[in-house]
Structure formats: C-alpha cells, structure tokens
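Analysis of the macromolecular model
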Amino acid sequence: MFFIIHLIINILIVGLFLYSKLLPYEDRLTGQYKQTFSFFKSIFKPVLSVFSGIKPFQVGTGLAVDMTQILLLIILLVLNYFY
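If you're wondering where the values come from, they're calculated on a predicted model, not measured in any experiment.

1. Describing helix 2 (residues 31-50)
The end-to-end C-alpha separation of helix 2 is 29 Å, in line with the 28 Å expected for 20 residues at 1.5 Å each. Along its length, helix 2 shows its largest kink, about 30°, at Lys41. Along helix 2, the residues that are buried comprise Phe37, Phe40, Phe44 and Leu48.

2. Here's the deal with the side chain of Thr68
By the secondary structure assignment, Thr68 is in helix 3 (residues 67-82). Apart from residues lying up to four places away in sequence, Thr68 is in contact with Leu48, Phe51, Ser52 and Ile54.

3. Focus on helix 1 (residues 2-22)
Across its 21 residues, helix 1 extends 30 Å between first and last C-alpha, which sits within 8% of the 30 Å expected from 1.5 Å per residue. Packed against the buried residues of helix 1 are helix 2 and helix 3.

4. Describing the pattern of salt bridges
In a structure, side chains of opposite charge can pair up when their charged atoms sit close to one another. Applying the stated criterion across every chain, the model contains 1 salt bridge. We note a salt bridge from Glu26 to Lys41, for which the minimum N-O separation is 2.8 Å. Pair noted here: Glu26 is in the loop between helix 1 and helix 2 and Lys41 is in helix 2, with a separation of 15 residues, a long-range link. Among the residues examined, Lys41 registers a relative accessible area of 22% and is labelled partly exposed.

Procedures and definitions
Residues numbered from 1 in each chain as written. Predicted model: local features only at pLDDT ≥ 70, side-chain atom pairs only at ≥ 80, totals over all residues. Heavy atoms only, no water. Helix = DSSP H or I, 4+ residues; strand = E, 2+ residues; numbered from the N terminus. Expected span 1.5 Å × (residues − 1). Bend = angle between axes of the 7 residues up to and from the residue. Buried < 20%, exposed > 50% of the residue type's maximum accessible area, 1.4 Å probe, protein only. Contact = heavy atoms within 4.5 Å. Salt bridge = Lys/Arg side-chain N within 4 Å of Asp/Glu carboxyl O.

Spelled out as structure tokens, the structure:
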C-alpha cells in the first residue's frame, strides 16, 4: 500500500513540473499530450487555487517567483518523505 502511495506522489511531483513548464504552451499541445496535460491541469488547478492568496516572491527588478507551485512541491516532498 505504501508503495502505491509513494508512486502516486512521485507521479504528482513529475506532473507538477511538467504542468508548470507546459502551461504557457497549452494551446500548442496536440493529441495524447494535450489529454495528459488536461488530466494534470484538472488536478493542480483547483489545488493551486487554494493557495492563490500567496503573493509572488520578488527575486529581482520586475521578476517574481510563483510561490503557490513551490509550496505545493514542498507539501508533496514532505508527503513523499513520510510515505
């Protein structure tokens, strides 16, 4: 049972990475890739909207990091550690 939970968490971590990288190019995806992206989007969009009140972290002039995705990644990594 723990193996399955561990595997799901690892898939979600990879999915979060791909989601964050492909989000700007969502309209260019085709076929199976669009379906896979839509699957991860249906998971991450509601979860990330819960953390939407967190302001981006300013790292430079006109440059900010979206902390919602980093917070979700930290949560997944902590869950991965305990399972």
